[in-house]
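Working through the structure, step by step
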Amino acid sequence: MAAASGPKPTSPIAIDGPAASGKGTLARRVAEHLGFDWLDTGLLYRAVALSVLDRGLDPIQAATILNLRTLGDPRLRDDAVAQEASRVAAIAGVRAALLAYQRGFAERPPGGRGAVLDGRDVGTVVCPGAPVKLFVTADVAIRAQRRLSELHSRGLATTYSAVLEDLQQRDARDSQRAVAPLRPAEDALVLDTSALDADQALAQAIDLIERKSGGSSGMGSANA
Ligand code: C5P
């Protein structure tokens, strides 16, 4: 019934939530499971932030001339870049400059099957018509502990209180900004991962996607 190629009826899948909620891991695993392409939209804001920090560019100019090849730079994961990302992300002109690329990816994913995008405003602004929306959250103390373990596993020395403060500052800035603030879309399923591991979060997301696709049709074959 469905066309042999082209995005599936459950595409795009929008996954939003605060920092270190598990949304990135969930988005990557959902995309792998379905054979969809994944876009971590936070990387775009981080790349703009990095060129502001490195080259002293005006944030809107940096967003306008953003080179997508910089999205693989490992420095994008640094906390200083994340903090600057949440500052540049509050600027309407920066958000506007990054919108077309995100929408294009959602509508015409490179692999042609479907797209999963994760960020802060995918369900509310980038893809308000997305058929599947998840808002992934977790208690801030648990998110800080997860982020601390991740940083330690990368060999970075930091403390729990520094990570907690970083997350609280970003949460406040992301939720209180005037443009595209962090909040669940009205039709998003809120998934609290405080007591869930990554496998349990994936199972709940796949369950929602299958229900949205009208049972297992179209998705069942991907659900091993
Ligand atoms: O998701 P990640 O932590 O990499 O995002 C870095 C920052 O980029 C966030 O704190 C947020 O301010 C901003 N961001 C955004 N909208 C998105 C994705 C990220 O404002 N869709």
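Residues numbered from 1 in each chain as written. Predicted model: local features only at pLDDT ≥ 70, side-chain atom pairs only at ≥ 80, totals over all residues. Heavy atoms only, no water.

**Overview of the overall build of the protein chain**
We apply this condition: Strands are runs of DSSP state E lasting at least two residues, helices are runs of H or I lasting at least four, and both sets are numbered from the N terminus onward. We compute the radius of gyration over the C-alpha atoms and compare it with the globule rule, which gives 2.2 Å times the number of residues raised to the power 0.38. When a residue's accessible area, from a 1.4 Å probe over protein chains only, is under 20% of the maximum for its type it is buried; when over 50% it is exposed; and in between it is partly exposed. Accessible surface is estimated by sampling points in the Shrake-Rupley manner with a 1.4 Å probe; for residues, cover comes only from the protein chains shown. Under the counting rule used here, the positive set is Lys and Arg, the negative set is Asp and Glu, and His together with the chain ends is not counted. Note that the charge is assigned to NZ on lysines, CZ on arginines, CG on aspartates and CD on glutamates.
What the protein chain contains, in helices and strands, is nine helices and five strands. Along the protein chain, helices and strands appear, N-terminal first, in the series β-α-β-α-α-α-α-β-α-β-α-α-β-α. Relative to the globule expectation of 17 Å for 224 residues, the C-alpha radius of gyration of the protein chain, 17 Å, shows essentially globular dimensions. Taking the principal axes of its C-alpha atoms as reference, the protein chain extends roughly 50 × 40 × 30 Å. Of all 224 residues assigned to the protein chain, the portion counted as buried reaches 47%. Total accessible area on the protein chain stands at roughly 10500 Å², and carbon and sulfur atoms take up 54% of it. Within the protein chain, one finds 26 positive and 26 negative side-chain charges whose respective centroids are separated by 3 Å.

**Points about the site of the ligand**
Operational definition: Whether a residue is near a molecule or strand depends on its heavy atoms: if one lies within 4 Å, it is near. Distance and chemistry together define a polar contact, namely a pair of N or O atoms within 3.5 Å, with one atom able to donate a hydrogen and the other to accept it when in protein, and with adjacent residues in sequence counting only for side-chain atoms on both sides.
Taken together, 15 residues are adjacent to the ligand, and Arg46, Arg95, Arg170, Asp174 and Arg177 come closest. One of the side-chain nitrogen or oxygen atoms of Asp121 is found 2.9 Å away from a nitrogen atom of the ligand. One of the side-chain nitrogen or oxygen atoms of Arg170 is found 2.8 Å away from an oxygen atom of the ligand. With the chains in place, 98% of the 450 Å² that the ligand exposes on its own is no longer accessible. Contributing elements (two or more residues each) for the shell around the ligand: α2 (42-55), α4 (79-88) and α8 (160-176). It is α2 that provides the largest number of residues to the shell around the ligand, a total of three residues.

**A short note on the environment of Thr25**
The residue Thr25 is located in helix α1 (residues 23-34) in this model. Sequence separation of Thr25 and Ala198 is 173 residues, and the distance between their C-alpha atoms is 7.5 Å.

**Remarks on the pairing of strand β1 (residues 13-16)**
For clarity, the threshold we go by: We call two strands paired when DSSP finds no fewer than two bridges between them.
Of the two faces of β1, the one carrying Ile13 and Ile15 and the one carrying Ala14 and Asp16 are both buried. Strand direction decides the pairing type here: β1 and strand β3 (residues 115-119), joined by four bridges, are parallel. Opposite Ala14, over in β3, you have Leu117 as the bridge partner. One ladder, built from four bridges, connects β1 with strand β4 (residues 132-137); its direction is parallel. Bridging across to β4, Ile15 finds its partner in Leu134.

**Thoughts on the packing of α2 against α4**
Defined as follows: Throughout, an axis means a line fitted to C-alpha atoms (over the contacting stretch in the case of helices), and angles, computed between N-to-C directions, take values from 0 to 180 degrees. Put simply, angles under 35 degrees are roughly parallel, angles over 145 are roughly antiparallel, angles from 65 to 115 are roughly perpendicular, and the rest are oblique. Whether two residues are in contact is decided by their heavy atoms: any pair within 4.5 Å suffices. Polar here means any residue other than Ala, Val, Leu, Ile, Met, Phe, Trp, Tyr, Cys and Pro, which are nonpolar, and Asp, Glu, Lys and Arg, which are charged; Gly is therefore polar.
Axis separation between α2 and α4 bottoms out at 8 Å; the angle between their running directions is 100°. In this view, α2 runs roughly perpendicular relative to α4, as classed from their interaxial angle. Together, Tyr45, Arg46, Val48, Ala49, Leu50, Val52 and Leu53 of α2 and Ala80, Val81, Ala82, Glu84, Ala85 and Val88 of α4 make up the contact between the two elements. Class assignment of the residues belonging to the contact of α2 with α4 gives a composition of 11 nonpolar, no polar and two charged.

**Quick notes on unusual backbone geometry**
At the junction of Ser11 and Pro12, the peptide bond is cis and its omega measures out at 0° in the coordinates. Inspection of the secondary structure assignment puts Pro12 in the segment before β1. Look at Ala20: it is not a glycine, yet its phi comes out positive at around 60°. Mapped onto the elements of the fold, Ala20 is located in the loop between β1 and α1.

**Considerations on the packing of aromatic side chains**
Geometry of an aromatic ring pair is reported as the spacing of the ring centres plus the angle between the planes. The line we're drawing: Stacked, tilted and edge-to-face are the three classes applied to pairs of Phe, Tyr and Trp rings, where Trp contributes its six-membered ring and a pair requires centres within 6.5 Å; stacked means planes under 30 degrees apart, edge-to-face means over 60, and tilted covers the rest.
With the rule as written, the count across this model stands at one aromatic pair. Ring centres 6.5 Å apart and planes at 55° place the aromatic pair Tyr101 and Phe105 in the tilted group. In this pair, Tyr101 and Phe105 both sit in helix α5 (residues 92-107), four residues apart, roughly one turn of the helix. Residue Tyr101 is classed as partly exposed on the basis of its relative accessible area, which comes to 33%. On the basis of relative accessibility, which here comes to 10%, the residue Phe105 falls in the buried class.

Such coordinate-based values are descriptive only and should not be taken to indicate function.
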